[in-house]
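# Notes for the structure review
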Amino acid sequence: MAMMETPLNAWMMFAHAPTHYADTEVVTKTGPDELHRYTYADFAKRAQQLMHALDKLDIGEGERVATLAWNTYRHLECYFAVPCTARVLHTLNLRLHVEDLAYIIGHADDRVIFADPDMLPILEKIGDGLAKVKHIIVLDGTVPETTLPDVIAYEDLIADESDSYAPKDIPESTPLGICYTSGTTGRPKGAVYTHRSTVLHSFAAASTGGVGIGPQECVLPIVPMFHANAWGMPHASTMAGAKQVFTGRHLDAASIVDLLAGERVTIAGGVPTIWLAVGDELSKRGVTEMPGLKHVVCGGSQPPRALIERYEREFGINIIQAWGMTETNPLASVSWPKEKMRDWPAGRLTDAVRTQAGIPVPGIDISIRDDEGNEVPADGEAMGELLVRGPWVIDSYLYNEDPDRFTEDGWFRTGDVAVRSAEGYFVIADRTKDLIKSGGEWISSVDMEGHIMAMPGILEAAVIAIPDEKWQERPLACVVPRPGETISLEEVRDHLAGRGWAKWQLPDRIEVIEAVPKTSVGKFDKKVLRVRFG
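Report on the accompanying structure. Each chain carries its own residue numbering, running from 1 in the direction its sequence is written. pLDDT decides what is reported in this predicted model: residues at 70 or higher carry local features, side-chain atom pairs at 80 or more are listed and counted, and totals for whole chains, interfaces and linings draw on all residues regardless. Excluding hydrogens and water, the side-chain values take into account all heavy atoms of the structure.

## Some thoughts on the overall build of the chain
Helices and strands together make up the secondary structure of the chain, namely 15 helices and 25 strands. For the chain, whose C-alpha radius of gyration is 23 Å, the value lies close to the compact-globule estimate of 24 Å for 534 residues. In terms of overall dimensions, the chain has C-alpha extents of about 70 × 60 × 50 Å along its principal axes. Taken across its 534 residues, the chain has 57% of its residues classed as buried. Pairs at least 24 apart in sequence give 67% of the contacts found in the chain among residues at least 6 apart. Looking at the chain as shown, the accessible area adds up to about 22200 Å², and 50% of this sits on carbon and sulfur atoms. Here a strand is any run of E in DSSP of at least two residues, a helix any run of H or I of at least four, and the numbering for each starts at the N terminus. The atom set for the radius of gyration is the C-alpha atoms, and the globule formula is 2.2 Å times the number of residues raised to the power 0.38. Only protein chains enter the accessibility calculation, which uses a 1.4 Å probe; a residue whose area is less than 20% of its type maximum is buried, one above 50% is exposed, and one in between is partly exposed. It only takes one pair of heavy atoms within 4.5 Å for two residues to be counted as in contact. The Shrake-Rupley method, run with a 1.4 Å probe, gives the accessible areas here. Residue values count only the displayed protein chains as cover.

## What to know about helix H4 (residues 98-108)
What H4 keeps buried is the set Leu-101, Ile-104, Ile-105, His-107 and Ala-108. The buried residues of H4 occupy an angular sector of 165° when projected down its axis, which confines them to one face. Looking at the buried positions of H4, the neighbouring elements they touch are strand S3 (64-68), strand S4 (88-91), strand S5 (110-115), helix H5 (120-126) and strand S8 (175-180). Directly beyond the C-terminal end of H4, a positive phi value near 60° is found at Asp-109. Arc definition: directions from the helix axis to the C-beta atoms.

## Looking at the side chain of Glu-281
By the element assignment, Glu-281 lies in helix H10 (residues 272-284). Leave out the neighbours within four places in its chain, and Glu-281 touches Ala-253, Ala-254 and Val-257.

## Comments concerning the packing of helix H7 (residues 195-206) against helix H8 (residues 233-240)
Every angle, taken between N-to-C directions, lies between 0 and 180 degrees, and every axis is a line fitted to C-alpha atoms, over only the stretch in contact when it is a helix. Closest axis-to-axis distance for the H7/H8 pair is 8 Å, and the angle between their directions is 80°. It follows from the interaxial angle that H7 and H8 lie roughly perpendicular. Residues Thr-198, Ser-202, Phe-203, Ala-205 and Ala-206 of H7 lie in contact with H8, whose contacting residues are His-235, Ala-236 and Met-239. Throughout, the ten residues Ala, Val, Leu, Ile, Met, Phe, Trp, Tyr, Cys and Pro are labelled nonpolar, Asp, Glu, Lys and Arg are labelled charged, and all others, Gly among them, are labelled polar. When its residues are assigned to classes, the contact of H7 with H8 shows five nonpolar, three polar and no charged. Angle categories are assigned with fixed cut-offs, so that under 35 degrees is roughly parallel, over 145 is roughly antiparallel, 65 to 115 is roughly perpendicular, and the rest are oblique.

## Things to note about the pattern of salt bridges
When a carboxyl oxygen of Asp or Glu lies within 4 Å of a side-chain nitrogen of Lys or Arg, that pair is called a salt bridge. All told, the structure shown has 39 salt bridges when counted by the stated rule. Across the pair Asp-365 and Arg-389 runs a salt bridge, and its minimum N-O distance is 3.5 Å. Taken together, the residues span a long stretch of sequence, with Asp-365 in strand S17 (residues 365-369) and Arg-389 in strand S18 (residues 383-389) at a distance of 24 residues. Residue Asp-365 is classed as partly exposed on the basis of its relative accessible area, which comes to 38%. Classification of Arg-389 by relative accessible area gives partly exposed; the value is 34%.

## Re the sheet that holds S3
Strand pairing follows a simple DSSP-based rule, namely that at least 2 bridges must link the two strands. With respect to topology, seven strands assemble into an open sheet ordered S7-S6-S5-S3-S4-S8-S9, the strand pairing being mixed. Two strands close off the open sheet at either side, each with one partner strand: strand S7 (152-153) and strand S9 (190-194). Both S3 and S4 contribute to a ladder of four bridges, which runs parallel. Residue Arg-64 lies in a different strand from S4, and its bridge partner there is Val-88. Against the sheet, helix H3 (residues 73-84) makes contact with S3, S4, S5 and S8, and its axis sits at roughly 145° relative to S4, the strand it touches most.

## Considerations on the sheet that holds strand S15 (residues 331-334)
Spatial ordering of the open sheet is given by S2-S1-S11-S10-S12-S13-S14-S15-S16, a layout of nine strands whose pairing is mixed. Lying at the two open borders of the sheet, with one neighbouring strand each, are strand S2 (34-39) and strand S16 (359-360). Examined bridge by bridge, strand S14 (residues 318-324) and S15 share three bridges and lie antiparallel to one another. Within S15, the residue paired with Trp-323 across the bridge is Ser-333. Along the sheet face, helix H2 (residues 40-55) touches strand S1 (25-31), S2 and strand S11 (243-246) and points at about 85° away from the line of S2.

## Details of the packing of aromatic side chains
Classification of ring pairs rests on two measures: the distance between centres of Phe, Tyr or Trp rings, Trp counted by its six-membered ring, which must be within 6.5 Å, and the angle between planes, read as stacked under 30 degrees, edge-to-face over 60 and tilted in between. Taken as a whole and judged by the stated rule, the model has 14 aromatic pairs. Centre to centre, the rings of Phe-14 and Phe-80 are 6.1 Å apart; their planes meet at 40°, and the pair counts as tilted. Of the two residues, Phe-14 is situated in helix H1 (residues 10-20) and Phe-80 in helix H3; the sequence distance between them amounts to 66 residues. Considering the side-chain rings of Tyr-40 and Phe-43, the 6.0 Å spacing of their centres and the 75° angle between planes classify their relative orientation as edge-to-face. Separated by three residues within a single helix, Tyr-40 and Phe-43 lie in helix H2, roughly one turn from each other. For Tyr-40, a relative accessible area of 0% gives the class buried. Take Phe-43: its relative accessible area is 0%, and that puts it in the buried class. We call a charge positioned above a ring when the Lys NZ or Arg CZ atom is no farther than 6 Å from the ring centre and deviates by at most 35 degrees from the ring normal. Residue placement shows Lys-189 over the ring face of Tyr-397; its charged tip is 5.3 Å from the ring centre.

## Considering the packing of H10 against helix H11 (residues 305-315)
When two helices pack together, their arrangement is given by the angle between the helix axes and the distance between those axes. Packing of H10 against H11 leaves a shortest axis separation of 11 Å and a crossing angle of 30°. It follows that H10 is roughly parallel to H11 by the angle criterion. Relative to H11, the crossing made by H10 is left-handed. Contacts from Pro-272, Trp-275, Leu-276, Val-278, Gly-279, Asp-280, Leu-282 and Ser-283 of H10 reach H11 at Leu-307, Arg-310, Tyr-311, Glu-314 and Phe-315. A per-class count over the contact of H10 with H11 returns eight nonpolar, two polar and three charged. The hand of a helix crossing depends on one turn: near helix anticlockwise from the far one by less than a right angle means left-handed, and clockwise means right-handed.

By themselves, these observations are geometric and do not establish any function.
Pasting the structure below:
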């Protein structure tokens with residue numbers, strides 16, 4: 001006997017919600033006091049209008065269609081209309097420098113760019129870098145004043161098109177989308193996702209072993225839709241029929257808290273810096289509980305232990321750490337507790353689970369290896385290079401760049417150093433380039449940062465290696481005090497010593513700074529600090 005050969009492509013993700021959850025809402029914050037609401041039925045009609053419009057733009061199947069946009073309902077329409085017509089969606093990072101954007105647009109060979117109105121000045125600066133781009137569509141009802149030629153308003157583009165489009169038979173191996181790496185270790189590289197990989201990733205993200213998205217949920221992806229497809233949350237939510245809420249360009253803590261409460265959000269996802277600010281806003285408002293919010297997914301970088309404990313203690317909110325990379329599409333692991341842990345005290349659970357990158361989601365395998373390529377013991381201490389493989393992990397970059405990141409036996413080298421516990425949970429000890437080697441012994445900058453940020457007077461902390469004639473490298477702690485607070489080296493050293501850090505591991509120097517530099521996706525940008533203080 002054989003199973004039905006149902007293709008795993010974008011149409012499988014697109015068609016389910018409009019058919020079975022037609023009246024479920026998609027909400028977008030469009031202004032300080034304005035919300036746009038429509039249903040999956042409305043979404044499907046408009047997305048199919050866009051499919052017809054794309055067919056008339058002289059853009060062939062397989063060609064790249066880029067977006068330069070915030071999280072909005074129009075962006076969601078592009079998310080599905082582009083791949084459902086066998087074209088390739090390329091989400092551009094709107095926080096990148098103009099030169100990097102120009103490079104990526106040219107490298108990907110983008111032919112169409114859908115851009116929010118406030119993104120047009122950025123495109124104007126790219127100038128000749130847009131030479132191969134045939135069309136620029138502004139995601140609005142009108143075209144603002146611009147020096148860009150022949151810009152089309154999105155609403156004009158789709159206005160006269162049919163809202164019914166015959167599904168295409170798209171092979172599973174067809175490219176669906178491209179996301180570029182942040183380029184922290186060189187030029188950004190393109191990670192190409194197929195229809196099959198994206199559907200399988202969406203099933204995993206929707207499962208309770210992933211993020212737990214079902215039709216009963218209201219999902220707020222604060223992580224940008226340009227960053228690894230917002231961790232797959234829009235795809236999984238649409239496929240499952242969950243209500244979706246988008247922030248638009250309104251990423252301030254007050255707006256986020258308004259949406260969390262006003263739309264009765266049950267699952268939200270964002271980087272630690274977002275949740276640090278949201279926590280302060282909740283405290284400012286005197287909020288002590290948000291009973292509808294089941295869990296907050298935190299990724300991008302390791303959330304500080306103090307943040308996890310604060311959310312549980314002050315608001316009754318569980319922060320669930322997730323880990324992944326652009327190359328893993330991106331979800332690879334989630335720190336859910338095991339059944340046997342349900343009665344564990346909070347402190348033990350935080351140590352063993354909450355502060356970990358998690359256990360790989362079904363479909364993903366990890367391997368942690370030493371310099372000789374041997375698997376390190378799962379003892380919570382042995383460090384090694386983290387490798388990963390699975391059906392939604394890329395097997396090469398666009399144009400086969402950086403082939404050394406892929407092993408002959410089918411693994412992707414993450415560049416992370418990790419430790420795995422006897423329970424099977426792993427934690428990222430550091431990026432390879434961020435480990436501090438002092439006197440031949442390794443010091444984890446990530447661990448030290450987390451402990452420093454547990455100090456009541458500290459808002460942020462980043463630890464970097466600085467050269468030392470005697471010890472080769474020593475840790476430097478760059479700290480951001482909370483408003484009105486001061487901090488000294490002695491206080492930092494005493495705090496770390498009280499948490500079990502050895503004397504030789506303690507920083508010899510601190511630098512008080514106004515803010516830790518961030519990358520375009522909200523991670524601490526240590527290379528800026530290394531240039532400044534190294």
